[in-house]
Amino acid sequence: VFIHVSISLWLRLPLAASAHNLHLCEGYPSPDGRYHSGFYCPRLTDPPAHRYCCHHGDHTLKSCCPQLDFESLRRVNLCCLVPSPPRNPLPLLAVGLYGLLILTLMTLDFLHFCRLNQHRIYSLLSSSRLGKGRRDWRQEGNRLFQAGDYAAALPPNTRAWSLCAGPPEAPVLHATGPPATLKLVSGGRAPGPWRAIEADGHDVKALFRRSQALQKLGRLDQAVYDLRRCVSLEPRNKAFQEALHDLGSSMQEKMKFMSCTDSKVEQMFQILLDPKETDTDKKQKAAQNLIVLAREEAGAEKIFQSDGVRLLLRMLDTGREDVMLAALRTLAGLCSGHRSRTMAILAELGAPRVSAMLGVEHKQVSLAACNLLQVMFDALKEGLQRDFRGKEEALVLDPSKELKLLIGHLLEMLNREGTSAHGRDNTLNLLIKVVPRKSLRDPNNSLTLWVIDQGLKKILEVGGTVCEAPDSLTVTENSRMSAAILLSRLYSDLKCDAERENFHRLCEDYVRSWFEGHGLAGKLRAIQTASCLLQGPSEAGNQVLELEGIMESVLALCASVREVDQLVAVEALIHAADKAKRASFITANGVTLLKNIYKCSGRDSIRIRALVGLCKLGSAGGTDFSMKQFAEGSTLKLAKQCRKWLCNEAIDAGTRRWAVEGLAYLTFDADVKEEFVEDKAAVQAMFQLSEDRSVLFAVASTLVNCTNSYDHKEPDPQMLELAKYAKQHVPERHPKDEPGCVRRRVRKLLAAGVVSALTCMVKSENPVLTNSCRELISRVFLAVVEEAADRGSVVAQGGGKALIPLSLEGTEVGQAKAAQALAKITITSNPDMAFPGERIYEVVRPLVSLLHLHRTGLENFEGLMALTNLAGISERLRQKILKEKAVPMIEGYMFEEHELLRLAATECMCNMAMSTEVQELFLAEGSDRLKLLVLYSGEDDEKLRRAASGTLAMLTSVLPQICGKVTQVTAHWLEILQALLLSPNVELQHRGTVIVLNMMAADREIAAKLMESEMLEILSVLAKEERNKPRVAQAAKECLAQAVAYGLIKPNVNGE
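Rules used in this analysis
One numbering rule holds for all chains: residues counted from 1, following each sequence as written. In view of the model being predicted, local features appear only for residues whose pLDDT reaches at least 70, and side-chain atom pairs are presented and counted only at 80 or more, with totals across whole chains, interfaces and linings using the full set of residues. Side-chain figures throughout are based on the complete set of non-hydrogen atoms in the structure, without hydrogens or water. Here the term buried applies to any residue with accessible area under 20% of the maximum for its type, exposed to any over 50%, and partly exposed to those in between, with areas from a 1.4 Å probe on protein chains only. Strands here are runs of E lasting at least two residues and helices are runs of H or I lasting at least four, both read from the DSSP assignment and numbered beginning at the N terminus. Residue contacts follow a heavy-atom distance rule, with two residues in contact if any of their heavy atoms lie within 4.5 Å. Within 3.5 Å is the distance limit for a polar contact, defined as a pair of N or O atoms, with the added protein rule that one can donate a hydrogen and the other accept it, and that residues adjacent in sequence qualify only through two side-chain atoms. Simply put, an axis is a line fit to the C-alpha atoms, just over the touching stretch for a helix, and the angle between two N-to-C directions goes from 0 to 180 degrees. The crossing is said to be left-handed when, going from far helix to near helix, the turn is anticlockwise and less than a right angle, and right-handed when the turn is clockwise. Polarity classes work like this: nonpolar for Ala, Val, Leu, Ile, Met, Phe, Trp, Tyr, Cys and Pro, charged for Asp, Glu, Lys and Arg, and polar for all others, with Gly in that last group. For salt bridges, the criterion is a side-chain nitrogen of Lys or Arg within 4 Å of an Asp or Glu carboxyl oxygen. Just so you know how the angles are binned, under 35 degrees is roughly parallel, over 145 roughly antiparallel, 65 to 115 roughly perpendicular, and the rest oblique. We call a pair of cysteine sulfur atoms a disulfide whenever their separation is within 2.5 Å. Pairing of aromatic rings covers Phe, Tyr and the six-membered ring of Trp, with a centre-to-centre limit of 6.5 Å; geometry is then stacked below 30 degrees between planes, edge-to-face above 60, and tilted otherwise. Charge over a ring is defined by NZ of Lys or CZ of Arg lying within 6 Å of the ring centre and within 35 degrees of the ring normal. Patch rule: a residue counts if its relative accessible area is over 30% and it has no salt bridge; like charges are joined within 9 Å, and nonpolar side chains (Val, Leu, Ile, Met, Phe, Trp, Tyr) within 5 Å. Each accessible area is a Shrake-Rupley result for a 1.4 Å probe, and residues are judged covered by the shown protein chains and nothing else.

Here we take up helix α55 (residues 1004-1012). Those residues of α55 not exposed but buried are Ile1006, Ala1007, Ala1008, Leu1010 and Met1011. Each element contacted by the buried residues of α55 is listed here: α52 (960-969), α53 (973-981), α54 (986-1002), α56 (1015-1022) and α57 (1030-1046). A side-chain oxygen of the first residue of α55 lies 3.0 Å from the backbone nitrogen of Glu1005; this N-cap is Asp1003.

Contact geometry for helix α40 (residues 799-808) and helix α41 (residues 812-828): axes closest at 7 Å, N-to-C directions at 145°. Crossing of α40 against α41: the hand is left-handed. Across the interface between the two elements, Gly800, Leu803, Ile804, Leu806, Ser807 and Leu808 of α40 pack against Gly814, Gln815, Ala818, Ala819, Ala821, Leu822 and Ile825 of α41. Here the contact of α40 with α41 is built from residues that sort into nine nonpolar, four polar and no charged.

Turning our attention to the pattern of salt bridges. According to the stated counting rule, one finds 31 salt bridges in the structure shown. In this structure, the salt-bridge partner of Asp509 is Arg505, at a minimum N-O distance of 3.7 Å. With a gap of four residues between them, Asp509 and Arg505 both fall in helix α23 (residues 497-515), about one helical turn apart. Between Glu884 and Lys880 there is a salt bridge; the shortest N-O distance is 3.5 Å. Under the relative-accessibility criterion, Lys880 is labelled partly exposed at 21%. A network of salt bridges, in which partner residues are shared, links Arg505, Asp509 and Arg512.

Before going further, it helps to examine the environment of Val794. Positionally, Val794 belongs in helix α39 (residues 791-796). For the pair Val794 and Ala834, spaced 40 residues apart in sequence, the C-alpha separation works out to 9.6 Å.

Glancing now at the packing of helix α17 (residues 351-358) against helix α19 (residues 400-414). To describe two helices that pack against each other, one gives the angle between their axes and the distance between the axes. Interaxial distance between α17 and α19 falls to 9 Å at its minimum, and their mutual angle equals 40°. Classed by the angle they form, the pair α17 and α19 counts as oblique. Handedness of the α17/α19 crossing: right-handed. Two secondary-structure elements touch here, α17 through Ala351, Pro352, Ser355, Ala356 and Leu358 and α19 through Leu405, Leu406, His409, Leu410 and Met413.

A separate point is the state of the cysteines. Applying the stated criterion across every chain, the model contains three disulfides. A sulfur-sulfur separation of 1.9 Å characterises the disulfide bridge that pairs Cys25 with Cys53. Because the torsion about its S-S bond is 125°, the bridge between Cys25 and Cys53 counts as right-handed. Of the two residues, Cys25 is situated in strand β1 (residues 24-25) and Cys53 in strand β5 (residues 52-54); the sequence distance between them amounts to 28 residues.

Another aspect to go through is the side chain of His504. Among the structural elements, His504 can be located in helix α23. When residues no more than four places from it in sequence are discounted, the contact partners of His504 are Tyr491, Glu539, Ala540 and Gln543.

Counted according to the given criterion, the structure contains three aromatic pairs. Between Phe208 and Phe240, the ring centres sit 5.1 Å apart and the planes meet at 40°, which makes this aromatic pair tilted. In this pair, Phe208 is assigned in helix α8 (residues 204-216) and Phe240 in helix α10 (residues 238-259), connecting sequence segments 32 residues apart. Of the two residues examined, Phe208 and Phe240, each falls in the buried class. In this structure, Arg43 packs its charged tip against the face of Phe39, placed 4.5 Å from the ring centre. One cation-aromatic arrangement involves Arg876 over Tyr841; the distance from NZ or CZ to the ring centre is 4.1 Å.

Let's shift gears to the side chain of Thr970. With respect to the element layout, Thr970 can be found in the loop between α52 and α53. Under the relative-accessibility criterion, Thr970 is labelled buried at 10%. Side-chain polar atoms of Thr970 contact the backbone nitrogen of His972, separated by 3.3 Å.

In this chain, Cys41 is followed by Pro42 through a cis amide linkage whose omega measures 5°. Mapped onto the secondary structure, Pro42 falls in the loop between β4 (39-40) and β5. The backbone of Asn708 shows a phi angle near 50°, a positive value even though the residue is not glycine. Among the structural elements, Asn708 can be located in the loop between α34 (696-707) and α35 (717-725).

When you line up the elements, Leu900 lands in helix α48 (residues 899-912). What makes Leu900 partly exposed here is its relative accessible area of 44%.

A surface patch of nonpolar side chains, about 330 Å² in accessible area, is lined by Leu90, Leu93 and Leu97. Tracing the backbone through its elements, the reader meets Leu93 in helix α3 (residues 90-116).

Geometric descriptors of this kind do not, in isolation, establish any biological role.
Here it is as structure tokens:
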């Protein structure tokens, strides 16, 4: 360091001294960034007079110039300059002393080097020629190698290589170096002389030796490279070729080993469990590969048999979130659809540990644990069960014990301290999915009864939590809603009155225990629990409200000065107003109180709840225009305030959700509907807020009200007159609820993006998307596809895709509405474009469901029309329709008295007749299918005749046996065929001539009967209509030609 600093200082002295030299151009960077070194003027290429350095600007290069140019550039007169005084000799003395110091340091450094390398220097000085020393070291190394002393043979070879004079001798020495190295590769020693082989790449012997050493070291790719160079230099050397072949086989075995599942699993676990591994990308890739491998049956079995469960437990013990996520997701892949593996993993992991993972603070880990538990539940309840015993599969008889064990731990987590808020929500969502029966057809609801007995109070504890109260459970904004949904699912899963009475008794006991003897905090807890029950199983909530003192306490707490008391009481009042009797009581006793809270409270969260309570009471009359709870214009003012809060993004999302709740009640009023759809900002704000799953039902209810898509039956006029005579109240429809106004509102909602919002709502997998919510969304979809012109935009925004799951899940009414919307889209749109790919086959089942007898006539008709379009697309779709057993229902509607239903069924059967299975049905003995088609071909309805005759033409062309049966099913067959040929409709004439042609080609006797009748004259006339009816004329000519072939008629003289 000292030498470097000294030299740099020494080099700077002359530069500083020459700073005033007029003949020196110092180094400088050019405008393009390149550096130009300095020079003295004049240069060799410059004239002698150019002795001065000139620089004309920052954008030009320095150059040599004469004295005049220099003086004009610098504006100086060199003749007038005072000569510089003589230099001081002290700097030169300092430079001399500094040079002496540098020389001394270099001498000391050389002596130190000689001391360290004295043996090498001695060997060089002792040899008369350098070649002799190299030869001696090489001979010594070969002698030791032949004696078997490989470790001692390596240093002489290394020294011989170091003494080589140049490239011509280095490869010769190196050719004997690798043999010693071959015996030392087990220690992993790689000698430096190997690099000298690059001096001569044509030394085959050295290349071959190095390839052997590299092969021993396991570096097969480099060994193959050296061997290929050897083969390219000596192509006929069999030793090289055999070595390359053997090495290629070794590489294939190694690659096969590395690619096998066991090796992959071992490598991935090593990477994930290695605490010293710092490469994050490598760990992430290993985790992803492990998860993907576990999702395949073969990979999951390999992981399971390779002691993978124990290694996954070690990954869970690391405490690192990324590693825990990978372990949980891999365990989910191992348990998916495999009951025995799930049992083994559960026994190894332990139910307490799995449930504890659900309550951790890390959200992703909690979700992964929730997914693992759901997969375990599905595998235990519906997993695969083998018929044999063995190490791959164990026979599990009854998993109910394990199911109850897991559910018991989940119930304990609900009120356990330390469980995170989102972990508690995940637990509730998991119980919603796994406890109730999947179908009410399943008679076993024992798991639901067990959960009610063991955990109902724990669920109520979560639903009744008051966040502001001390020592309360940590919950989120959605926890109470999730608890209400779970309670509703459990209540709906009960089968008899005794079970429901037990549910009511447990709820009443729990509420009473808090309401009595716990002071004000207990009353708050009891009222909050009642609100939760009213949001879920409303029957149980209504019974709880009828307990002595509950409603009185609710009204009293509304007048409290504490914000918490008001918040809980107002919410309970809102939910309690569902029942008409109680709504009247609240209207009489609580409206003034709610108005005072709305006007006087300084907290928006309480004001909006009071406003929603007023909205709910104001909409008690529903759509009845004659029933007004408040004064004229009051509902419009309430709706205006709700829209104002809804559009204010500065307010928290919870307050804005309550604004949507208020609109869901107020939009029963037609005036409110009109103002709401006109406010595009409010509509789009509601759509954006629908991303919060807890407000889905309110949004769907608002849209149902705006589109009038609820069921509305027109009353019987006679019953109306009777009601007026009896002085009974008759509901009146608002003038703005007429069909024209409704269609205008639907168009405005479409322009605001209602289809995209509905599609996003359907994609939600949150438990808040209940069957009732699905039904409301289906109703809105049916309303927006009512007009054929709007269906294209609905499909373009994903409406067709969203309707398929709605038609397969949910309430019976909701499925029917979604299926009807699908039918409307299928009728007017190209099914291949509306439902691309495999999605078109998912549409068949909902459409077939519209053919059931309990559906309305309109639903039957639209289902038949949609199936007609699908049946005409491909044979695979026809097979799908057959598989859904739709053909018998289609045949049944062919006998309907309603003309449109009969026509739609016949057209659908016409397209279905292209399938072989359907064609064979018309050959069955004792069936009237063929007779019906023949008779329909003679009906007055032209469309019905066209469908029936088209089916007959198709059947007679593919099944000649049917031609004979046509003459047997009815005695009027000949008159029907003649009527088809004489019809003014060209399509009917063409179908008739094709049927006649097929019948004549099938049997000579039938042809004779036809030619003996007036059919000959009719065909002769039609054969001449080549200009106006070319297809009919061509078929008629073929009929006549067939008759000539049979010898039934003779051609004219000119051959016609």
